[in-house]
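So the chains spell out like this:
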Amino acid sequence: MKIAIVRERFEGENRVAATPETVGKLIALGASVAVEKGAGLGSRILDKDYSEAGASIAASADAALKGADVVLTVRRPSAASLAGVAKGALVIGALDPYGNDKDVAALAKAGVTAVSMEFMPRITRAQVMDILSSQANLAGYQGVVEAAAEFDRALPMMMTAAGTVRPAKAFVMGAGVAGLQAIATAKRLGAVVSATDVRPAAKEQVESLGGKFIAVEDEEFKQAETAGGYAKQMSAEYQAKQAELTASHIAKQDIVITTALIPGRPAPRLITKAMVESMAPGSVIVDLAAERGGNVELTVPGKVIEHNGVKIIGYTNVQGRIPTTASQLYARNLLAFLTTLIDAKEKKLAINWDDELVKATVLTRDGKVVHPTFAAPAPAAEAKPAAVAKPAPKAPAKSVEAKAAPAKTGAASKAAPARKPAAKKAEVPAMADAPKKAAPGVEQSIPAAAEAPAPAKRAATKKAAAVIDAAAAAAPAKKPAAAKPAASKPAAAKKPAATKKPAAPKGAK
Ligand code: NAD
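Residues numbered from 1 in each chain as written. Predicted model: local features only at pLDDT ≥ 70, side-chain atom pairs only at ≥ 80, totals over all residues. Heavy atoms only, no water.

Draft legend 1. Seen up close, helix α5 (residues 131-150). Helix length check: α5, at 20 residues, gives a terminal C-alpha distance of 28 Å against a target of 28 Å (1.5 Å per residue), a fit within 8%. For α5, the buried fraction is high: 16 of the 20 residues fall into the buried class. Near the N-terminus of α5, the side chain that reaches the backbone nitrogen of Leu132, with its oxygen 3.1 Å away, is that of Asp130. (Helix = DSSP H or I, 4+ residues; strand = E, 2+ residues; numbered from the N terminus. Expected span 1.5 Å × (residues − 1). Buried < 20%, exposed > 50% of the residue type's maximum accessible area, 1.4 Å probe, protein only. Polar contact = N/O pair within 3.5 Å; in protein donor to acceptor, adjacent residues only side chain to side chain.)

Draft legend 2. Region of interest: helix α6 (residues 177-188). With 12 residues, α6 extends 17 Å between its outermost C-alpha atoms, agreeing within 8% with the 16 Å of an ideal straight helix rising 1.5 Å per residue. Burial of α6 is extensive: 10 of the 12 residues sit out of reach of the surface. The positive-phi residue at the C-terminal boundary of α6 is Gly190, with phi of around 95 degrees.

Draft legend 3. Here's a closer look at the sheet that holds strand β2 (residues 32-36). Reading across the sheet, the six strands line up as β3-β2-β1-β4-β5-β6 and stay open at both edges, with parallel pairing between neighbours. Looking at which strands have only one partner, the edges of the open sheet turn out to be β3 (56-58) and β6 (113-116). Mean inter-strand twist for the sheet, computed between neighbouring axes without regard to direction, equals 25 degrees. Pairing of strand β1 (residues 2-5) with strand β4 (residues 70-72), which is carried by three bridges, proceeds in the parallel orientation. Opposite Ile5, over in β4, you have Leu72 as the bridge partner. Running at roughly 140 degrees to strand β5 (residues 90-93), helix α11 (residues 323-339) makes contact with β1, β4, β5 and β6 of the sheet. (Pairing = 2+ DSSP bridges. Axes fitted to C-alpha atoms, helices over the stretch in contact; angles between N-to-C directions. Contact = heavy atoms within 4.5 Å.)

Draft legend 4. Quick peek at the pattern of salt bridges. On inspection of all chains with the given rule, the structure shows 20 salt bridges. For the salt bridge of Asp218 with Lys241, the shortest nitrogen-to-oxygen distance reads 2.7 Å. One end of the pair, Asp218, is in the loop between β11 (212-213) and α8 (219-222); the other, Lys241, is in helix α9 (residues 236-250), and 23 residues separate them in sequence. Judged by its relative accessible area of 17%, Asp218 falls in the buried class. Residues Lys273 and Glu277 are paired through a salt bridge, measuring 4.0 Å at the closest nitrogen-oxygen approach. Note that Lys273 and Glu277 are positioned in helix α10 (residues 273-278) at a spacing of four residues, about one turn of the helix. Look at Lys273 and you get partly exposed, because its relative accessible area is 32%. (Salt bridge = Lys/Arg side-chain N within 4 Å of Asp/Glu carboxyl O.)

Draft legend 5. A look at the environment of Leu82. Relative to the helices and strands, Leu82 is located in the loop between β4 and β5. Here Leu82 falls in the buried class, since its relative accessible area comes to 2%. For the pair Leu82 and Ala68, spaced 14 residues apart in sequence, the C-alpha separation works out to 9.3 Å. Apart from residues no more than four positions distant in its own chain, Leu82 is found in contact with Leu65, Val71, Pro77, Val91, Leu107 and Val112.

Draft legend 6. The pairing of strand β14 (residues 304-307), seen in detail. Taken together, the four bridges between β14 and strand β15 (residues 310-313) define a ladder with antiparallel strand orientation. From the neighbouring strand, Val304 faces β15, where its bridge partner is Ile313. Connecting the antiparallel pair β14 and β15 is a turn made up of two residues, with Asn308 showing a positive phi of about 50 degrees.

Draft legend 7. The arrangement of the nonpolar core in detail. Counting residues in each nonpolar core, the largest one holds 41 residues, and the members touching the most others are Ile183, Ile255 and Ile257. Mapped onto this core, the elements with two or more residues apiece are α5, β9 (169-173), α6, β10 (192-196), α7 (201-208), β12 (255-258) and β13 (284-287). With seven residues, α6 is the single largest residue contributor to this core. Residues in contact with Ile255, not counting those within four places in the same chain, are Ala147, Phe151, Leu155, Lys169, Ala170, Phe171 and Val284. Val16, Tyr50, Val128 and Ile131 belong to the second largest nonpolar core, which has 40 residues in total. (Core = buried A, V, L, I, M, F, W, Y, C linked by side-chain atoms within 4.5 Å.)

Draft legend 8. Molecular detail of the confidence of the model for the protein. Considering every residue of the protein, the mean pLDDT works out to 80; 73% of them sit at 70 or more. This stretch, residues 380-457, has a pLDDT under 50; its non-local contacts, to residues over four places away or in other chains, come to 186 contacts. Overall, residues 470-509 carries pLDDT values under 50, and its contacts beyond four positions in sequence, including any with other chains, amount to 61 contacts. (pLDDT = per-residue confidence, 0-100.)

Draft legend 9. Local environment of the packing of aromatic side chains. For the structure on display, the rule yields four aromatic pairs. Aromatic side chains Tyr98 and Phe119 sit 6.3 Å apart centroid to centroid with 65 degrees between the ring planes, which places their arrangement in the edge-to-face category. Residue Tyr98 is found in the loop between β5 and α4 (101-109), and its partner Phe119 is found in the loop between β6 and α5; the two are separated by 21 residues along the sequence. In this structure, Tyr98 and Phe119 share a single accessibility class: buried. With 6.1 Å between their ring centres and 10 degrees between their planes, Phe119 and Phe374 make a pair best called stacked. Of this pair, Phe119 sits in the loop between β6 and α5 while Phe374 sits in helix α13 (residues 372-375); the two residues are 255 residues apart in sequence, bridging distant segments of the chain. With respect to burial, Phe119 and Phe374 carry one shared label: buried. (Phe/Tyr/Trp six-rings, centres within 6.5 Å; stacked < 30°, edge-to-face > 60°.)

Draft legend 10. Structural detail: the side chain of Glu291. Residue placement: Glu291 occurs in the loop between β13 and β14. Here the side chain of Glu291 touches Asn317 through a polar contact of 3.4 Å, landing on its backbone nitrogen.

Draft legend 11. Quick look at the environment of Val370. With respect to the helices, strands and loops of the structure, Val370 is situated in the loop between β19 (368-369) and α13. Considered as a pair, Val370 and Ala108 are 262 residues apart in the sequence and their alpha carbons are 8.8 Å apart. Contact partners of Val370, with chain neighbours within four places excluded, come to Val362, Leu363, Thr364, Arg365 and Ala375.

Draft legend 12. A look at unusual backbone geometry. Despite not being glycine, Asp96 shows a phi value in the positive range, around 45 degrees. You can see Asp96 is positioned in the loop between β5 and α4. On the accessibility criterion, Asp96 (5% relative accessible area) is buried. Of note in the backbone geometry, Lys347 takes a positive phi value of approximately 55 degrees without being a glycine. By the element assignment, Lys347 lies in the loop between β16 (342-343) and β17 (348-349). Under the relative-accessibility criterion, Lys347 is labelled partly exposed at 49%.

Quick look at the structure:
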């Protein structure tokens, strides 16, 4: 059983699908692992780290892939690049199939079994495999770090001999996995934090993290959460009331982090140009929904812009800006899933095609597209809900002075695949506004936060912590790659510049 890991070809992508830790575990399961030379460099993993873990280092992607039974990847590889893999090889990664039907069909034609990790049901057993949560958690953290870096002032209150510095005010819009981590991070940095969400369950979670909850809590709000734990599309009236409430609040904020997403739809527009103009110069907005169209009217995906002195950060692939940690968790998610597909005694793949995790995630098999969302010929509107369309790159407003994003993510502005593809949302059948086609086995896919009735305060505290720490808790860190001594790192490269990664276009070999 040969497992291959190749260098990511997607421009600006510094993550890698396996770490020395996971490679060691895969070898213990009876696999041989081939890693393409330089595959881990963007995440500070040297070839020698992989070889010390037992992998062989292949001189090229083709050599790594030749005869592979399993290919682990971050982004969807091109079908052409997989020409040498074994018949029926598993290709496991964040394959971002929505809107990419042709590429999915090409993978089917190539004879591989493509597995889309974004479709992993959100059930307890699969939490350790939930790439959306592990990566959103990091995006929430990194979003606050980016805001702090752009902010001209200190975040915490400081009482010094020279006088008192007031704490910064941070407002988080959308309190899902990314939002809760953003709240926790902003609190740790000493900001005064408030947050909003349309799901009533979010209120206690926000408060349990020390944030103030701001929302119009009317009857519609009380019904706003689906059985799957996701947000519903709110009525125009509710949105107007919410906008009125948040408008006055935003005007007083120093930092705003937006993370709001609605299943199967473009990101809701929460911050208008007028709201941006109401903020004091020097304020910072981070739009973590930039890849799905953005929560902020002025967001330019992949860029940091400034409007009336307010900076708006529209980076895409924010988790990819901390690639070492992102790879560490992502690789564990993949390892956890792959472990369920391997018979360690026989040292070979033993896939239970009826397993709900397999059924929910397999896109192609035996030359065909088998995922129900993509396989059946259906009217375009049904197969591809509105949100699935990638947001068109937006020109900055006239008054906005666009500034190129730092080199390491500048490339991400090229309509990167959505961090949270609509596919995930389509898996929640209970949603009133969800696309009609749900993945098999998702009926049980109830997010933990929605499983229990309104919890007591202490339970909420635990739950909020559990949501933001789910990925880490599920995969205990024994030997994280990031903990390697600095001496073992390439001396000159503290942060890999974009130049470190080849600028090959998406899908290029
Ligand atoms: P998401 O990425 O779909 O959306 C982010 C947040 O934006 C959500 O909290 C949503 O309610 C909010 N939002 C949408 N429209 C908004 C608006 N107009 N104004 C303000 N906020 C708005 O959410 P997610 O991070 O995937 O989490 C969704 C739910 O799933 C949460 O309850 C989370 O705790 C739960 N969850 C469960 C598991 C599990 O394995 N059981 C794993 C991860 C998340």
